[in-house]
Each structure stands twice: as C-alpha cells, then as structure tokens.
Amino acid sequence: MDVTKMEISKLAGYTYNCNCKNTHSVDVKKIVINKNAIDETVSYINGQTSKTVMIICDDTTYKLAGQQFEKLLPSSQIYIIHERNHVHIAPNESYVGEVLIKIPKNVDFFLAVGSGVINDITRQVSYMMDKPYVVFGTAPSMDGYASSTSSLIINNVKESIQGQCPIGIFADSQMLQEAPYDMITAGFGDVIGKYNAIREWQFGRDYKNEHYCEQIVEVVMKAVKKCESSASLLKKRDPQAVINIMEGLILAGMTMGMYQNTRPASGAEHHIVHYWDVDCIKRGVEHPLHGNSVGVGTIIICHLYDLVKDKLPVPVMELDGKEISDTLAKAGCKISPVDLQISRDLLKRSIVNGHTMSSKFTILTYLANEKPEVLEIAAEQICDLYYEKER
Ligand SMILES: [Zn+2]
Ligand SMILES: [Zn+2]
C-alpha cells in the first residue's frame, strides 16, 4: 500500500520497507478523532488492561474530560496537576517528579488528558514506569502527540529526552473545535513550519549528501496542504478545518517516529524558536505557545533564504515567504516577532546563534560555519524589517 495515500487511522501500527532502504513503522496503534472519542478511549483502554489506570490531567482538562474518564473507568486513579502561583504548568523536572511521587504502586496503564504539557509529562512518567499510555488530546496545538521524545526543561535548559509514543491518540472533534483559539493557531503554525523543515532537509541532501526519504516528505506535505486549505475556515471554527489541523499535526508528528529523527518536521524555524524559549526560561518569563512562535520563525527563515539565496552552494526549494505569512494571517496566527514580545536583540542573537540549538544541518549551520559575515548582515537586515534601529 502507498503510505502517501493512506488515511491516518489506517497508518496507525503500519510497518513497511521503503524505497529509501529504511523500514518505517508507526508505533501508535490506534487513532480516533470523532464525536464519540471519550467512549472509544474507554473501550480501547478496557481492551488493553483490567488493572489500575492512572489518569493525568490539569484543572482545565479535568473539567473537559478527566472527570468523565474517572467515572467511566472505575478502577482508575486520577491525578490533577495544579498550577502553582498562577504560573502555567511546564514540562520540567519538578512536575515530572511531582507526578512520579504520586503514582500508586499498582498502576498498569496511563491516560493523559490534555495537550502538549500533559502529554509530555505522561509520556516520561509512563516510560520510566515501563507501562503503556494513551493520550486524549484536548487541543490541536502541537505536533508532539505521536512523538516518542519530549522537550523537557531541566535545570532551566530545554532538552530533548527519550520517552515513548502513546499506543493510542484520541480526540473529541467537538472539544477540539472549542479549544482556546491561540492553541488552534499554534497547531496551525507548527504545521506550516514543515514547509521550511522540508526545504532544510533537501538542502542537507543536496549539499551534504544526507539521507532523504521521498515518501516521508510526501506524507509531511500532505499534512501541510490539508491544514493550509483550511486556513480561512479556521476562524469560523469550521469542524472539518479543526479536524484537518489535528490530523495534520498527528501525521507530521508520526513522520518523525517513522524516520526516527525530527528531520522531516523541524529545521531552522524551530531552532530560532528554541533559542527564544531558552532565553525566556532563563529570564523566568513565560514563552509563547510553541506553534505560535514556529509560524513567525518560518517567516523569518524565509526572509533569510531570500536575502542569501545567491550565496548558497546549491539551489534550494523556492518558498514564498509573503504567501506563507498571508496564510498564517488568514488563520489568525501572529506573524511578527514583535507580537510575541521578542526583542530586537533576541531576534538577532537567535538568527546568529540558532545553529547551536541542534546538531541538525540547516541554513543557520551553513552560514554560521561558512559565511558568518553574511549571516551577521542578514540578521541585521531582518531585524530592520521589524524594529526601529537601535541607537
Ligand atoms: Zn523512506
Ligand atoms: Zn514544532
């Protein structure tokens, strides 16, 4: 079967030998997005275990679905992670530790009820306990649902930590539709960033002979197109548009598992965002939702490619930054670093030093190593697009 044509629910659990000479497999075994997802989650879990299930949620997701799961899974134990001093829950060592301490000894299975943070915490805790988990996603906000790694903050540093992917991903379509709008735009931004991720991969392939998989790229592009076509319907919270975003996010996340690397779904647009996030964490300031930053990061990296195009060693994929920016704006996403409270100085530093965030080859790596003076000038020019000159 051609993976590029398969429905997302059919891709779950699928393994195949690819033309790229690798075997790709999707470790998530069940994907359900519909109006009946709570009941389907319960019957799936009942088919997996008859022992104690631990439900992990926060105050918001407890009200949304946690309390229903508590009733429908009589042998479950629930743990609600509360915010501390009105600061949002973060995927850090403190919260992972808190949940670990609260786990009863007899737990056999985990259910995460939430989006990015709750999923990351449950992923790590269940992985450490060597028990499977499923996630009931409450917002289409990021592509990490299907991931096997978490981006955890340890000692104020963001680290990608090995965990496990959920065996099932479930989401109630109505609930996704009613999610806070900045979470929906974050999901949209994270998916749109894949355009640049693929451009970077092709750059690596053409310049450094990096391994590349046509089919996975096709799957990623399918996810992007699916979301992009829904941009203008998103503000109306069109049910199908929101489902498309969720499917696009799961699909894009799945490709990282299939390729055993984040190459298909992240490039320089993610590295400058990680730079911003780390800076915020160090200053003790909350950073914007990941995907809302990634959308802006994508526009900035498009500017960078436009500025240095004729200085690159190989031809690269043409992307129209203006068109991407218009698409993001149409969906109600932020399109300027100013709107994300990123200072001119931080933007410049992130462009010049963004390559230090990852060992992955991107335009930032190329310029920093081969043409640092070009990178410096381009970073300054990009800053001029958004900010008054500093005196
Ligand atoms: Zn392949
Ligand atoms: Zn992302």
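So, on to the overall build of the chain. A count of helices and strands for the chain gives 17 helices and 10 strands. The C-alpha atoms of the chain give a radius of gyration of 21 Å, which matches the 21 Å a tight globule of 391 residues would have. Overall, the C-alpha framework of the chain stretches about 65 × 50 × 40 Å when taken along its three principal axes. Expressed as a percentage of its 391 residues, the buried residues of the chain come to 49%.

Moving on, we come to the packing of helix 13 (residues 290-308) against helix 14 (residues 321-330). At a closest axis distance of 9 Å, the pairing of helix 13 and helix 14 adopts a crossing angle of 165°. Taken together, helix 13 and helix 14 sit at an angle that is classed as roughly antiparallel. The handedness of the crossing between helix 13 and helix 14 comes out as left-handed. Taking contact as the criterion, the partners of G295, T298, I299, C302, H303 and D306 in helix 13 are, on helix 14, G321, I324, S325 and L328. The class makeup of the residues in the contact of helix 13 with helix 14 is 4 nonpolar, 5 polar and 1 charged.

Below, the discussion takes up the sheet that holds strand 3 (residues 30-34). The strand order 3-10-7-6-4-5 describes an open sheet built from 6 strands, whose pairing is parallel. Edge positions in the sheet fall to strand 3 and strand 5 (76-81), since each has one partner strand and no second. Recorded for the sheet is a direction-independent mean angle of 15° between the axes of neighbouring strands. Pairing of strand 6 (residues 107-114) with strand 7 (residues 133-137) involves 5 bridges; the strand directions are parallel. Residue L111 lies in a different strand from strand 7, and its bridge partner there is V134. Each of strand 3, strand 4 (52-58), strand 6, strand 7 and strand 10 (168-172) touches helix 2 (residues 37-48); the most contacted strand, strand 10, lies at about 155° to it. Running over the sheet, helix 4 (residues 93-102) touches strand 4 and strand 5 and is turned about 150° from strand 5.

Take the domain arrangement of the chain next. Here the domain parsing of the chain yields domain 1 (35-177) and domain 2 (181-386). Here domain 1 and domain 2 have C-alpha centroids that lie 27 Å from each other. Broken down by element, the side of domain 1 that touches domain 2 gets its largest block of residues, 3 residues, from helix 6 (residues 173-177). Its residues assigned to classes, the side of domain 1 that touches domain 2 comprises 11 nonpolar, 10 polar and 2 charged.

What follows deals with helix 12 (residues 268-283). Here helix 12 is 16 residues long and its end C-alpha atoms lie 23 Å apart, about the 22 Å a rise of 1.5 Å per residue gives. Listing the buried residues of helix 12 in full gives A268, E269, H270, H271, I272, V273, H274, Y275 and W276. Looking at the buried side of helix 12, the elements it contacts are strand 9 (157-162), helix 8 (194-208), helix 13, helix 15 (344-353) and helix 16 (363-370). In the segment just after helix 12, G284 is the residue with positive phi, at about 75°.

Taking burial as the measure, the 8 residues of strand 6 include 6 buried ones, the bulk of the element. Bridging between strand 4 and strand 6 involves 5 bridges; their strand directions are parallel. From the neighbouring strand, I55 faces strand 6, where its bridge partner is L111. The β-α-β motif built from strand 6, the intervening helix 5 (residues 116-129) and the parallel element strand 7 has right-handed crossover chirality.

Ranked by internal contacts, the top residues of the largest apolar core, which has 114 residues, are I56, L111, V113 and I250. For this core, the element with the most residues is helix 11 (residues 239-259), which contributes 12 residues. Counting contributing residues per domain, this core is built from domain 1 (35-177) and domain 2 (181-386), each supplying no fewer than three. In contact with I56, not counting residues within four places along its chain, are Y79, I81, V99, F110, A112, V113, I118, I121 and T122.

Restricting attention to buried positions, one finds in helix 15 the residues L347, S350, I351 and V352. Looking at the buried side of helix 15, the elements it contacts are helix 12, helix 13 and helix 17 (372-386).

What follows is about unusual backbone geometry. Positive phi, normally seen in glycine, also occurs at K21, with a value near 80°. You will see that Q260, though not glycine, has its phi angle at about 60°, which is positive. Its location among the elements puts Q260 in the loop between helix 11 and helix 12.

Inspection of the secondary structure assignment puts S150 in strand 8 (residues 149-154). C-beta crowding within 10 Å serves as the criterion here: with 23 such atoms nearby, S150 is assigned to the buried category. Distance from S150 to N353, taken between C-alpha atoms, is 23 Å for residues 203 residues apart in sequence. In contact with S150, other than residues within four places in its own chain, are P91, D120, R123, Q124, I161 and G163.

Cut-offs used in this document
Position numbers for residues start from 1 in each chain and track the written sequence from start to end. Chain labels run from A onward and ligand labels from 1 onward, assigned in the order the entries are written. Side-chain atom pairs in this predicted model are given and counted only at pLDDT of 80 or more, local residue features only at pLDDT of at least 70, and totals for whole chains, interfaces and linings cover all residues. Secondary structure elements follow DSSP: runs of H or I no shorter than four residues count as helices, runs of E no shorter than two count as strands, and numbering proceeds from the N terminus. What the globule rule says is 2.2 Å times the number of residues to the power 0.38, and the radius of gyration is computed from C-alpha atoms. The exposure scheme places C-beta atoms from the backbone and then counts, for each residue, the other C-beta atoms within 10 Å of its own, assigning buried at 20 or more, exposed at 12 or fewer, and partly exposed in between. In this analysis, axes come from line fits to C-alpha atoms, helices being fitted only over the stretch in contact, and the angle between any two N-to-C directions falls in the range 0 to 180 degrees. Note on terminology: angles under 35 degrees are roughly parallel, angles over 145 are roughly antiparallel, angles of 65 to 115 are roughly perpendicular, and the others are oblique. Handedness of each helix crossing follows the sense of rotation of the near helix against the far helix: counterclockwise by less than a right angle gives left-handed, clockwise gives right-handed. Any two residues are considered in contact once their C-beta atoms, placed from the backbone, lie within 7 Å. Residue polarity follows a fixed list, in which Ala, Val, Leu, Ile, Met, Phe, Trp, Tyr, Cys and Pro are nonpolar, Asp, Glu, Lys and Arg are charged, and the others, Gly among them, are polar. Strand pairing is assigned whenever DSSP detects at least two bridges linking the two strands. Segmentation into domains, and thus their bounds, comes from an automatic or database assignment. A helix's residues, less one, multiplied by 1.5 Å, set its expected span. Crossovers are marked right-handed if the path from the first strand over the helix to the second runs clockwise, as seen with the strands pointing away from the viewer. Connectivity within a nonpolar core runs through C-beta atoms within 7 Å, and the core itself is a set of buried Ala, Val, Leu, Ile, Met, Phe, Trp, Tyr and Cys residues.

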